[in-house]
Amino acid sequence: MKPENDGNKMESLRERSKREQKARMQGRGLIITNAAIALGIIIVVLAVKAIMLDTPQAQKKGQKNDKQPLKVAAEETAAPTPEITPEPTPEPQGKDRWIRKNLDASKPMVALTFDDGPYTKVTGRILKALQKSNGRATFFVVGSRLDMYKDTLLQEYQQGNQIGSHTYDHKDLSEMSAKKIKSEINKTNKLVRGVIGIDTTALRPPYGNVSSTMRKTIKTPMYYWSVDSEDWKSRNANKVVKRCKKIQDGDIVLMHDLYPSTAEAVEKLAPYLTKKGFQLVTIDELFYYKKIQTKPGKVYYSAQ
C-alpha cells in the first residue's frame, strides 16, 4: 500500500508543476499582449499628430508663430521718434524792428542820429561800426536822395535801424503852408514805403525850425537833439569824438552821414561808448525804455 501512495504523490506533484508552468506562460503572454496593445496605441497617436501637423491650418499657425519674433525684433530695432524742433520765433517786421525787447533798462542808453543821407560811401561805414558794437541808430533820410541810394536805405532797415524823415527837399517847413508840409512828408514816405514797406515814424525838421502849423499838421513826433557833434562844421573825426564824450544817459546826438570824417568818428565813438556801458539805441527804443509816451506834433530834445 505504501508504494502506491508514494506513486500517486509523485504524479500529483508533476501535474501541479505543469499547471503552475502553464499559468506562468499564460501570464507572460498577457504582459506581452498588453505591451503590444500599448505600443500600438502610441503609434496610432503619433501618426494622428503627424497628420494634423501637415494640415494647412497647422502650417499657417506655424508661419504666424515664426513671424512673431521678427515682429518683436523689428519693434526693438525701430528708430526712436525724432524730437520735434520748435519753429524759430519770427523776426519782427515793420516798426517793431526798431525796438529790441532784450535791452537792459538799468544801463545807460544813447540815440545816435544821422541827417541828410543816405550816402553809401559814408553810411555804409557807419552801419558796419554800429553792427560791430551791437548798436543801432536813427537815420533821418532826405526823400530826394532815395532813388539813388535805395540799397543803402534797405540795409539801414534790415540791420534794425530806425528810418525817420528829414523831408523830401530839405526845405524849411516852418515857412510852408499845411498843404506843402504834407506834400514834403508824403513824398518822402511814399519812397521809403516803396523800399522797406512802411512809413517813417519820426521827423527831424530841417534847420531845427518848428511852427505852430507844423505842430498841428505833422502826425509823428519831431526830434531835436541834446548833443550837437558839429560834424558838419569841423569835418574832423577827433573833434567830433571829443564833443561826444560828454554824452549822458538819454541823450540824442546830432550827426550827418555825408562826411567821411563822421564815419571815422563813429568807428571810434561806438566802441568807446559801448565800453563805457552805453547801449546804442534807436529813438523809439530810447523813449520806450525810458517810459516816455511821445505825441504827434510835439518836439523832443532827449529822453532825460
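For the structure, see preceding data.
Residues numbered from 1 in each chain as written. Predicted model: local features only at pLDDT ≥ 70, side-chain atom pairs only at ≥ 80, totals over all residues. Heavy atoms only, no water.

Points about the environment of K171
Alright, step 1. Mapped onto the secondary structure, K171 falls in the loop between strand 3 (162-165) and helix 5 (178-196).
Alright, step 2. Separated by 13 residues in sequence, K171 and E184 have C-alpha atoms that sit 8.6 Å apart.
Alright, step 3. The residues touching K171, leaving out its near neighbours within four places in the chain, are M176, E184, P206 and Y207. (Helix = DSSP H or I, 4+ residues; strand = E, 2+ residues; numbered from the N terminus. Contact = heavy atoms within 4.5 Å.)

A closer look at the side chain of R97
Alright, step 1. Mapped onto the fold, R97 is located in the loop between helix 2 (56-77) and strand 1 (109-115).
Alright, step 2. Owing to a relative accessible area of 9%, R97 belongs among the buried residues under this scheme. (Buried < 20%, exposed > 50% of the residue type's maximum accessible area, 1.4 Å probe, protein only.)

Side note on the packing of aromatic side chains
Alright, step 1. Taken as a whole and judged by the stated rule, the model has eight aromatic pairs.
Alright, step 2. Pairing Y119 with Y149 gives two aromatic rings, centres 6.1 Å apart and planes at 80°, and the pair type is edge-to-face. With Y119 in the loop between strand 1 and helix 3 (120-132) and Y149 in the loop between strand 2 (138-141) and helix 4 (150-158), this residue pair connects regions lying 30 residues apart in the sequence.
Alright, step 3. Take Y119: its relative accessible area is 26%, and that puts it in the partly exposed class.
Alright, step 4. For the pair F287 and Y300, a centre-to-centre distance of 5.5 Å together with 75° between the ring planes defines the contact as edge-to-face. Linking F287 in helix 10 (residues 283-289) with Y300 in strand 8 (residues 299-300), this pair joins segments that are 13 residues apart in sequence.
Alright, step 5. According to the relative accessible area criterion, F287 is buried, its value standing at 3%.
Alright, step 6. Through pairs of rings, three or more aromatic residues link up here, namely Y223, F287 and Y300.
Alright, step 7. Here the guanidinium or amino end of K245 rests over the ring plane of Y272, the centre of that ring lying 5.3 Å away. (Phe/Tyr/Trp six-rings, centres within 6.5 Å; stacked < 30°, edge-to-face > 60°. Lys NZ or Arg CZ within 6 Å of the ring centre and 35° of its normal.)

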